[in-house]
Amino acid sequence: MLSASAPTTGSESGLGLDRIIELLPEIGVAMGQTFVMLLVAIPLAILLGTPLGVWLYSASPVGLKPRPRAHRIVDSLVNTIRSFPFLILLIAIIPITRFIVGTTIGTAAVIVPLTINAIPYFARFVEQNLTQLGSGVVEAARAMGATRGQIVRDVLLVEARPALIGSITIMTVSFISYSAMAGLVGGGGIGDFAIRYGYYRYETVVMLAAIVLMIALVQVVQIGGTRLARVLDKR
Amino acid sequence: MISLRNVSTTFRGKDGDFTAVNDVSLEIPAGSIQGIIGFSGAGKSTLLRNINLLERPTRGQVVLDGVDLTALDDERLRRERHQIGMIFQHFNLLNNRTALQNVELSLKFAGIEKAERRRRAQEALEIVDLAEKSTSYPAQLSGGQKQRVAIARALVTHPKVLLCDEPTSAVDPRTTASVLQYIADINQSLGITTVVVTHELNVVKAIADNVAVMENGAVVERFDVADLAAGTFEPGTEIGRYLLDEEIHLDRTPLAGRRDPASGAPLRGRDGKELAHA
Ligand SMILES: Nc1ncnc2c1ncn2[C@@H]1O[C@H](COP(=O)(O)OP(=O)(O)OP(=O)(O)O)[C@@H](O)[C@H]1O
Ligand SMILES: [Mg+2]
């Protein structure tokens, strides 16, 4: 089926290489859009998700400063956002998107739902990574007369750093695939490119090329992340 | 001097309350080494953690050189803690910081200027003979070395008190001797009032001046190590006798002849039948 559909695109060489070359500028633009999405959404998620995750850890019933009632509310709020399928979130928050970036289409418009999705996602990673450190180092820091802020900054986040790098890697990889849904609001990106050419126009070769690029991107992110985490991990 | 006055600690749990420390009063003279010995679950760690209020006692007072720690607000208590060093069975060092950085952190928390931290941390590592390991991470150190870094971290702020929770339970006997030697030397040269929690009689015999024996949250017996060494101390409790008897006694008589200690009934096999005499 697939091989039969390829020639319908009118490619002269059986491989469709010239078609790919023809589309290279468009592929470049799509890759650029993907990079922009990731390079804005991921740092924003880290910047905003870290304090949220620290708060979730700290306010939990066994945390540094338990606030059981507030914790329960924020905890379920985080769960709520996390349970939305990305596609639905994308559409559901269109009014918010318009308010923040002034438009509901294009790459900028995709960054908003991506970030909103990523913040609680990363906050959970932070919370879990801090919880898994165990009570020993916190105990020692309390005994040394550290403030709560010092315990978070100088002890917890330092000890969790390798795990956090691992979490950022996992998050980035999932968001490479999430960003493919950006096409729905005209956000572009390499995933959207693959869907448009491969799924809607049956240009299998073009789609495969785009997928190969995505695989390469994921590999680079994953290998880089794993390396960095290993260098930082002194256990 | 540390005075514990009628200290009790009760944990509230789902299936009722549990009193881990029950009305303990203890005077620990300045500069002395107090041993606290008892079996697992006796409440030793909880009592030790009561002294720096890592675990706030539910009742009673902890008075350090005339200051009632239980009456202080969080901020004052935090500052008092700079006067109280603590070391732990599992060292509790930060894995992602070098030995030197671990010691420096203690000074940072005590509000010492950055320029001074490096020098003092280096000095503290020299006291525990680890100057050449200052750039090693904990994973690159042996158990004894890790505990020495922890000792350096505890004493670098020049505390009045050193609390030790099973400081040698995770190291071998020779390392135990070395770690205890450092604690004893520091106690002598700096006059730091020291409290050592342990379940090993050998440890208190080697290092303590006075010993409190704990059972079920209470101090049931006290003695001077000097009296023990002179043979003039006779334990007055079952637990004291058991603790002072270092031998491990196992019942090696045939199972068939034995009775269940609780019910007095003959022992039964997995098949429910009484064990036959061999
Ligand atoms: N945070 C807590 N919540 C509930 N119970 C606790 C808590 N901490 C300790 N306990 C209970 O208090 C009792 C005394 O504990 P503690 O750790 O003080 O004993 P220990 O003498 O130090 O024992 P070990 O030699 O095993 O360290 C135990 O039965 C323990 O289960
Ligand atoms: Mg204990």
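Structure first, text after, so check above.
**Here we look at the site of ligand 1**
All names here are of chain B.
Link 1 in the chain: Every residue near ligand 1 is listed here: Phe11, Phe18, Ala20, Phe39, Ser40, Gly41, Ala42, Gly43, Lys44, Ser45, Thr46 and Glu166.
Link 2 in the chain: Separating an oxygen atom of ligand 1 from a side-chain N or O atom of serine 40 is a distance of 2.5 Å.
Link 3 in the chain: Relative to its unbound accessible area of 630 Å², ligand 1 is 59% covered by the protein chains.
Link 4 in the chain: Contributing elements (two or more residues each) for the shell around ligand 1: β2 (16–28) and α1 (44–51).
Link 5 in the chain: No other element matches the three residues that α1 contributes to the shell around ligand 1.
Link 6 in the chain: Looking at side-chain class alone, the shell around ligand 1 contains five nonpolar, five polar and two charged residues.

**A closer look at the layout of surface pockets**
Link 1 in the chain: In this structure, the largest pocket spans a volume of roughly 860 Å³.
Link 2 in the chain: In terms of lining residues, the largest pocket is bounded by 29 residues, among which A:Gly63, A:Leu64, A:Val138, A:Arg142 and A:Arg148 are the most central.
Link 3 in the chain: Elements that contribute at least two residues to the lining of the largest pocket include exactly α2 (17–59), α6 (107–131), α7 (136–143) and α8 (148–159) of chain A together with α2 (74–81) of chain B.
Link 4 in the chain: If one sorts the elements of the lining of the largest pocket by residue count, α2(B) sits on top with five residues.
Link 5 in the chain: Here the residues of the lining of the largest pocket are counted per class, giving 12 nonpolar, six polar and 11 charged.
Link 6 in the chain: In this structure, the second largest pocket occupies an estimated 290 Å³ of space.
Link 7 in the chain: Around the second largest pocket sit B:Phe39, B:His199, B:Glu200, B:Leu201, B:Asn202, B:Tyr242, B:Leu243, B:Asp245, B:Glu246, B:Glu247, B:Ile248 and B:His249, which together line it.

**Focus: empty space enclosed by the protein**
Link 1 in the chain: Counted under the stated rule, the structure contains one cavity of 30 Å³ or more.
Link 2 in the chain: What lines the largest cavity is a set of 15 residues, and nearest its centre among them are A:Met144, B:Gly85, B:Ser106, B:Arg153 and B:Ala154.
Link 3 in the chain: Contributions of two or more residues to the lining of the largest cavity are made by α7 of chain A together with β6 (84–87) and α5 (143–155) of chain B.

**Considering the interface of chain A and chain B**
Link 1 in the chain: Across the contact, 21 residues belong to chain A and 23 residues belong to chain B.
Link 2 in the chain: A buried area of about 2,100 Å², summed over both sides, lies between chain A and chain B, and 55% of it is on carbon and sulfur atoms.
Link 3 in the chain: Put simply, chain A and chain B have two salt bridges between them.
Link 4 in the chain: Close ionic contact of B:Arg49 with A:Glu139 constitutes a salt bridge, the shortest N to O distance being 2.2 Å.

**A closer look at the sheet that holds strand β8 (residues 193–198) of chain B**
All names here are of chain B.
Link 1 in the chain: Taken in spatial order, the six strands line up as β6-β7-β8-β3-β9-β10 in an open sheet, and their pairing is mixed. Each end of this open sheet is capped by a strand with a single partner; those strands are β6 and β10 (218–224). Strand-to-strand twist in this sheet, taken as the mean axis angle between neighbours without regard to direction, amounts to 20 degrees.
Link 2 in the chain: In terms of strand pairing, strand β3 (residues 33–38) meets β8 through five bridges, oriented parallel. The partner of isoleucine 33 across the bridge, within β8, is threonine 194.

Cut-offs used in this document
- Residues numbered from 1 in each chain as written.
- Chains lettered and ligands numbered in written order.
- Predicted model: local features only at pLDDT ≥ 70, side-chain atom pairs only at ≥ 80, totals over all residues.
- Heavy atoms only, no water.
- Near = heavy atom within 4 Å.
- Polar contact = N/O pair within 3.5 Å; in protein donor to acceptor, adjacent residues only side chain to side chain.
- Areas by Shrake-Rupley, 256 points an atom, 1.4 Å probe, with all protein chains shown as cover.
- Helix = DSSP H or I, 4+ residues; strand = E, 2+ residues; numbered from the N terminus.
- Nonpolar A, V, L, I, M, F, W, Y, C, P; charged D, E, K, R; others polar.
- 1 Å grid on protein atoms, 1.4 Å probe; cavity = no way out; pocket = protein on both sides within 12 Å on 5 of 7 lines; lining within 4 Å.
- Points joined across faces, edges and corners; volume = space filled by probe spheres on them.
- Contact = heavy atoms within 4.5 Å.
- Buried area = accessible area lost by both parts, 1.4 Å probe.
- Salt bridge = Lys/Arg side-chain N within 4 Å of Asp/Glu carboxyl O.
- Pairing = 2+ DSSP bridges.
- Axes fitted to C-alpha atoms, helices over the stretch in contact; angles between N-to-C directions.

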